[in-house]
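# Fold and geometry: a report
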Amino acid sequence: MNSKDTSIPAIRVLAPTATAMRLSRRGFLGGMGIAATGALLSACAATPGTSVAPAAAAAPVQLGTELNFFNWASYDDPATVKSYTTKTGVNIRLDVYNSNEEAIAKLGAAAGTGGYDIFVPTGVYIPQIAQAGLLEKLDHSKLPNLAKVDPAFLNQAWDKDNTYSVCKDWGSTGFLYDTKVIKRDLKTWSDFVDAMQNEASGKTSIMDSPNYLAGLYAWRTGMDWTSTDAGFLDDVEKFILNDVAPHINAYESYPGAALAQGKSALMMCWNGDARQGLMAVHASDPERYRWVLGAPTTELWMDNWTILKGAKHLDAAYSWINYVLDPVVSYKELQFTGYNTGIAGLREKAKADKLPLSEMIFFTDQQVATFKSGALNSGTDRLVQILTKAKAASAK
Amino acid sequence: MSRGRPTPTDGVSIGLWTWGIIVFIFLFAPIITIVVYSFNAGRTLVVWDGFSLDPYVRAMADPTMASSVLTSIKAALGSAAFAAVIGTLAGIAAARRPGKWAAVFLVVVTLVLITPEIVDAIALLIWFVRMGGPFGPDNQFVDYGLMRLWFGHAIFSTAVVVLIVRARVSGMDESLEEAAADLYAPPWRRFRQITLPLVFPAVMVGFLLSFSLSLDNTIISSFVSVAGSTPWPVYVFSAVRGTLRPELASMSTVMLLLTVLSLAAVGFVLRRGGGSSSELTQALAGGKQ
Amino acid sequence: MIPALPAGLLLTGFFLVPIGFIIFYSFGYKPGLLSSIGVDRLSLDRYGEALNDTFLLTFGNTLQIALLGTALCLFIAYPFAYWLSHHVASRYRSTLLAVVLVPLWTNFLLRTIGWQIILSGDGWLSKALMSAGIIHQPLNILFTRDAVEIGVVYNYLIFMILPLYVVLERMDPSLRQASRDLGAGRLRTFLQVTFPLSMPGVVAGCLLVFVPLCGDYITASILGGASANMAGQLVAAQFLMAQNWALGSATAVVLIIAIIMTVLAAGAGLAIVTAVLRAHRSVTLPGAVN
C-alpha cells in the first residue's frame, strides 16, 4: 500500500512529461540512460517475488486458481507462466489473436461475456478501447513493481499516468530473408519490395493486418503511414494491388515462429518474432536467414498490459502484472520473446551476458529516431478493403 | 484378404488393391508424421532434433492443455448426445409424418448445412451476448462456457442426425409398428421396442459423426468459447500462430490412442450386438433407394 | 410432428433467430470507428458494396478450389470405396472403414501441419526425392494451388468415401452379373449399371464435400497461404478487422445465396444430363432387343 506514495512521484521526477509523451523520440533512450543506475541494476539480482512480498504481507489476498489471457501468440515464456503457477497456484489460460483489430472486434462482439481478465493491446488503440468502456482503471498500489519500469515507457501520450495500462513490450517491424534465395544485401523497405518483385516473387509473406499495407507503402519514403487522406489511400491501394499482391505467397502475422518450415524466402515481421525464429534455426544453419530492421522509417509499437472490465480474477491479474514487471522475470521474458520489456537496466544486463542477437531487441538512438507509431482511425475501413482485394489478387 | 473373390489376380483387381493401399498411405502419412514428431526433443515441433519422451512428460504436466482436452471431450459428448436424441426424434417424425411441417423443417435443416460456419459462428456469438436468464452467464444450472459449446456444436450435428435417421426410417417397412399398434401396444412401448432398435444403427452413426465433428470444430468454437473453457482445437489454433511445441503432437497422439481404443470397444460391443459398421454407415447414403 | 419439437426449438432458437439478426443487420450501416452496427436507418446499400468485384473474384476462386476439390475427392474416393465394398472380404470391411475414420480423431490443424512437415522444401520427402534424383530443386509445393488441393482433398475425402461406400456396398452383385451375362464388357457394365446405381452416393458425397468447402476458409489456407483466397474470408474480414457488421452480414447473405444457386444449378445440370441419357438409351433399347 505504501508503495503508491513512493513510486508515483518518483516516476514523475524521473520522466518529465515532455520526454515521455514523445514515444518515438529521444526521451525513450534518454530515459533509458537515466534509469540504468546502480540501484536499479542491483534490483535485477533480486529473486523474483521478493519485491512482491511486502505488499502481499501487508494485505494477504486470495488469488483464486485461474487467470484468463487474451494475448498475442508466443508472447510469454511458458517457463515464466509455469513458475508463476507454481508460486501462486493460479493457472493461466490463453487465447490469442492476430491483430489489434481482430482482438477489439472479438471483445466488442462478446461484450464482456468472453471471460478474459488480461488483454494486451498496442498503445495507440488504448484510448478507443477505454472509451468503449472495455478497460478497468488500474490501481497502482497493487503494482509496486511499476517502479521498475523505465520512466521513458510510462505516462505515454495515449495513456497519461498509466490509468489503464502498463508497458509489456515495445518493438518494431522489419523483415527476414533467406540468403539461399536472395544473394544480395537488403537494407531498406525499397530493397524489400525490389527483392519481392524479383528473386523472392511468389515467396514473400506480409502481415495479415490492414494497416501494414499503408506501412509498407509509406515507410519506403518516410511518409506518414497513419494518414487518412483519400489520395494517400488510393496510392496505397494502387501500390499494393499492382506492385505487391502478385508476389505474395502468404499473409502471415507470425512468419518468424514458423521460420523452420522454410515456407517463404522473404518475410515481413516483428523483431521479436524474427528473433524467436532465428534462435530456433540457429543451431542448424546460423547464416541462412538474415534480419533487417525496416528503413528509412518503420513502425514503433508498444504493447501494454491492461485489465478488462468485468474481470473475474482481478487480484490474480494484478499479481501477474506485478510479477512480470520484476526485473529478473522480465529478463527471462525478454530472452524468450525477443522484445524489450521496458524494464530499467535490462540492456546493460544483456550486454554483460552477451545475450545472442541482442541487437534485435535493443535499438540504437538513430534507429529509434526513425520509428513511427501507428493509429486506429477512419482509414482502417478502407485498408481492410484493400487487404481483401490484395488477397484476391494474390490468389491468381 | 480377398478370400472368396473369384479373380484376385486380374489387372483391374490388382489396380484396385494398389489404389486402396495408396489411399490408406495418403490418409495416414501426416498422422504418422505427427506421431513421429511427437517424440521430438527440439523446441519447435517441425524441426527434428532427436528422440525424446520429454514432450509427453511436459504435455501431461501442462494443466491448460489437459483442461482444453477435457473441455473438448465434455463438449463433444454433450453435444453429440443432445443431437442424437433430439435429431432421432425429429428424423423419425419427419419420415413418418410427411406434410407441410416436415417439409418446412427439412428446409431449415438444409439451410443449416448450407450456411457457412463463419456466419453461424458470428450470428451465435451476437445472440449469446443478447441472451440472458437461463442462457446467460449467471445461470445456476450449467457451466456457461460448456453450454455455449454444446449449443454451438449441436446445431450442425442435429441437422446431420436428422438426415441420417430420416434416410434410415424412410427405407423401413412400417408394418411392424402397425402390427404392434394393432396389438394395442402403447406408443412409447412401440417406439422403445420396435422403432428404436430398427433405427439404432443410424443413431450410432449420427452420434459418432457428431462427436468427431465437435471434437474438431474450430471456427464456431473460437467465436463462442469463453475463457476458461477453451476447447482443444482453439488451443491448437492459438499455438499454431506462435512457436509450435512438440507437446501438442504428444497430446494429440495420446488422444488418438484413446479414441481408437474407445472406437474399438464400441465396435466390439456393436459386433456382439449383431450390428456392423457397414450396416451402420448405410444410413449415410443420403436417401433410400 | 410433436417429437420434432425439441429439434425445431433448437434450430429456431439457436439458428433461425441468430441468422435473422444477420439478415436484419445486413440492412444497417456502420455508425462510427468503434461501433459495429447501426440499424436506425435501413437500406440495401450494403448489398451494393458486398457485390463488388472482389467478391466475384473471390467467389470465382472459391468455386474453382471447391469444384476441383470435389472432383478430386470423387476421383480418389470412388475406386477406393469400390475396392473396399467389392474386393475386401466382408468380415474385414467394417474394421477397414473404421480405420479410414481414424485421421478424423487427430486435430485437423495438426494433421495439416503433418502435411506441412512432409511437403516442406527442407522436409524428408524433398530430400528423399532429391537424393533419388527424381527432382533437382527442393520441393516447392507449400503455398501453391497444389498445396491448397492437397489440404482440401485430405480433409474432406472421408465425407466422399462414406456415402459412396454405403451405396456400393448395398448394391446387389447379381445386377452386375446379369449385365455381364448379357455380354456387356466390364467398362460398359460399370458405365451403364454400377455407376448409375451409385448416383445417390455420388450426389450425397459431392454435396457433403462441396457445400462446407465453399464456406471454409481455414483448411485451404494453412497449406495454401495466399493461393487459397476463400469467400468465407471476406465475411470474417468484415467482422474481425473492419468491425463492419452490416457489410459482413450482407456479404454473408450474398455468399449463402451464391452457394444455394450453385448447388441448384448443378442439380439442374445433372437432371438435364440424366434426362438426355435416358432419352438416348430409350432409343437404343429397341435396337438391343432386336
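Residues numbered from 1 in each chain as written. Chains lettered and ligands numbered in written order. Predicted model: local features only at pLDDT ≥ 70, side-chain atom pairs only at ≥ 80, totals over all residues.

Put simply, the rule is: UniProt positions are given in the numbering used here, feature names are shortened, and annotations may be inferred rather than shown by experiment.
Looking up chain B in an unreviewed UniProt entry gives the name Spermidine/putrescine transport system permease protein PotC, with the organism given as Arthrobacter oryzae. Quoted verbatim from the Sequence similarities (unreviewed entry) field of the UniProt record, the comment on chain B reads "Belongs to the binding-protein-dependent transport system permease family. CysTW subfamily." Database annotation for chain B, UniProt heading Function (unreviewed entry): "Required for the activity of the bacterial periplasmic transport system of putrescine and spermidine."

Chain A is annotated in an unreviewed UniProt entry as Spermidine/putrescine-binding protein of Arthrobacter oryzae. Reading the Subcellular location (unreviewed entry) entry of the UniProt record for chain A gives the comment "Periplasm".

### Focus: the overall build of chain B
Using the following cut-off: The helix and strand labels rest on DSSP assignments: H or I over at least four residues marks a helix, E over at least two residues marks a strand, and numbering proceeds from the N terminus. In this scheme every C-beta is placed from the backbone, and a residue whose C-beta has 20 or more other C-beta atoms within 10 Å is buried, one with 12 or fewer is exposed, and one in between is partly exposed. A pair of residues counts as a contact when their C-beta atoms, built from backbone coordinates, are separated by no more than 7 Å.
Scanning chain B from N- to C-terminus turns up 12 helices and zero strands. Starting at the N terminus, the α and β elements of chain B follow one another as α-α-α-α-α-α-α-α-α-α-α-α. A burial count over chain B gives 47% of its 289 residues as buried. Within chain B, contacts between residues at least 6 apart in sequence are counted, and of these 79% link residues at least 24 apart.

### Focus: the overall build of chain A
Broken down by element type, chain A carries 17 helices and 10 strands. Here chain A holds 396 residues, and the buried ones make up 58% of them. For chain A, long-range pairs separated by at least 24 residues make up 79% of all intrachain contacts whose partners lie at least 6 apart in sequence.

### Focus: the packing of helix α4 (residues 100-114) of chain B against helix α6 (residues 144-170) of chain B
All names here are of chain B. The line we're drawing: Lines are fitted to the C-alpha atoms to define the axes, a helix being fitted only along its stretch in contact, and any angle between axes, read from their N-to-C directions, falls within 0 to 180 degrees. By definition in this entry, angles of less than 35 degrees are roughly parallel, angles greater than 145 are roughly antiparallel, angles of 65 to 115 are roughly perpendicular, and the rest are oblique. Crossings are classed by handedness, with left-handed meaning an anticlockwise turn of the near helix from the far one by less than a right angle and right-handed meaning a clockwise turn. Each residue is assigned to one class: nonpolar for Ala, Val, Leu, Ile, Met, Phe, Trp, Tyr, Cys and Pro, charged for Asp, Glu, Lys and Arg, and polar for all the others, Gly among them.
Look at α4 against α6: their axes get within 9 Å of each other, and the N-to-C directions meet at 125°. As summarised for this structure, α4 and α6 are arranged oblique, according to the angle between their axes. Classified by chirality, the crossing of α6 by α4 is left-handed. Of the residues in α6, those in contact with Val109, Val112 and Leu113 of α4 are Ile155, Phe156, Ala159, Val162 and Leu163. Taken together, the residues that form the contact of α4 with α6 break down as eight nonpolar, no polar and no charged.

### Some words on the pairing of strand β9 (residues 298-307) of chain A
Regular strands show a simple pattern: their side chains alternate between the two faces of the sheet. Residues and elements named next belong to chain A. We count it as follows: Between any two strands, at least two bridges found by DSSP are needed for them to pair.
Of all 10 residues making up β9, 10 are buried, and the element is well covered by its neighbours. Pairing between strand β3 (residues 118-119) and β9: two bridges, direction antiparallel. When the sheet's bridge partners are listed, Phe119 is paired in β9 with Thr306. As defined by bridge partners, strand β4 (residues 165-178) adjoins β9 across seven bridges and the pair is classed as antiparallel. Within β9, the residue paired with Cys167 across the bridge is Asn304. Of the strand pairs in this sheet, β9 and strand β10 (residues 371-373) are connected by three bridges, and their pairing is parallel. Bridging across to β10, Leu300 finds its partner in Ser373.

### Thoughts on the interface of chain A and chain B
Each partner contributes residues to the interface: chain A has 24 residues there, and chain B has 20 residues. Within the residue set of the side of chain A that touches chain B, elements represented by two or more residues are β1 (66-72), β2 (91-97), α7 (100-110) and α12 (271-282) of chain A. For the side of chain A that touches chain B, the leading source of residues is β2(A), giving six residues. Across the side of chain A that touches chain B, the residue classes tally to 12 nonpolar, nine polar and three charged.

### Observations regarding the packing of helix α7 (residues 175-182) of chain B against helix α8 (residues 187-216) of chain B
The description of two packed helices rests on the angle between their axes and on the distance between the axes. All names here are of chain B. Here α7 crosses α8 at 150°, and the two axes come no closer than 10 Å. Relative to α8, the element α7 is oriented roughly antiparallel. Crossing of α7 against α8: the hand is right-handed. On α8, the residues that touch Leu176, Glu177, Ala180 and Ala181 of α7 are Arg190, Ile194 and Thr195. Looking at the contact of α7 with α8 residue by residue, the class counts come to four nonpolar, one polar and two charged.

### Some remarks on the interface of chain B and chain C
Taken together, the 79 residues of chain B in the interface contact 73 residues of chain C. Counting residues per element, the side of chain B that touches chain C draws most heavily on helix α1 (residues 11-37) of chain B, at 15 residues. For the side of chain B that touches chain C, the residue count by class is 53 nonpolar, 21 polar and five charged.

### Some points on the UniProt feature "transmembrane region" (unreviewed entry) in chain B
Residues and elements named next belong to chain B. Following the UniProt record, one finds the feature "transmembrane region" (unreviewed entry) at residues 12-39, 75-95, 102-129, 149-167, 194-213 and 249-270. Taken end to end, residues 12-39 is 93% helix and 0% strand, and its first and last C-alpha atoms sit 41 Å apart. Strand forms 0% of residues 194-213 and helix 100%; the C-alpha atoms that close the span are 29 Å apart.

### Considerations on unusual backbone geometry
If a residue is not glycine, its phi is most likely negative; likewise, a peptide bond is most likely trans. Following Ala295(A), the chain continues into Pro296(A) via a peptide bond in cis, with omega recorded as 0°. Unusually for a residue other than glycine, Asp161(A) sits at a positive phi of about 60°. Examined against the element boundaries, Asp161(A) turns out to sit in the loop between α8 (126-131) and β4. Despite not being glycine, Phe143(C) shows a phi value in the positive range, around 65°. On the secondary structure map, Phe143(C) appears in the loop between α6 (124-131) and α7 (145-170).

### A short note on the environment of Val263(C)
Residue and element names in this part refer to chain C. Tracing the sequence through the fold places Val263 in helix α13 (residues 245-289). For Val263, a count of 17 C-beta atoms within 10 Å gives the class partly exposed. Between the alpha carbons of Val263 and Phe210 there is a distance of 8.8 Å; along the sequence they are 53 residues apart.

### Quick notes on the environment of Tyr217(A)
All names here are of chain A. Along the chain, the position of Tyr217 falls in helix α10 (residues 211-219). Given 24 C-beta atoms within 10 Å, Tyr217 falls into the buried group. Spatially, the C-alpha atoms of Tyr217 and Leu233 are 9.7 Å apart, while their sequence positions differ by 16 residues. Look past the residues within four positions of Tyr217 in its chain and what remains in contact with it is Asp235, Val236, Phe239 and Ile240.

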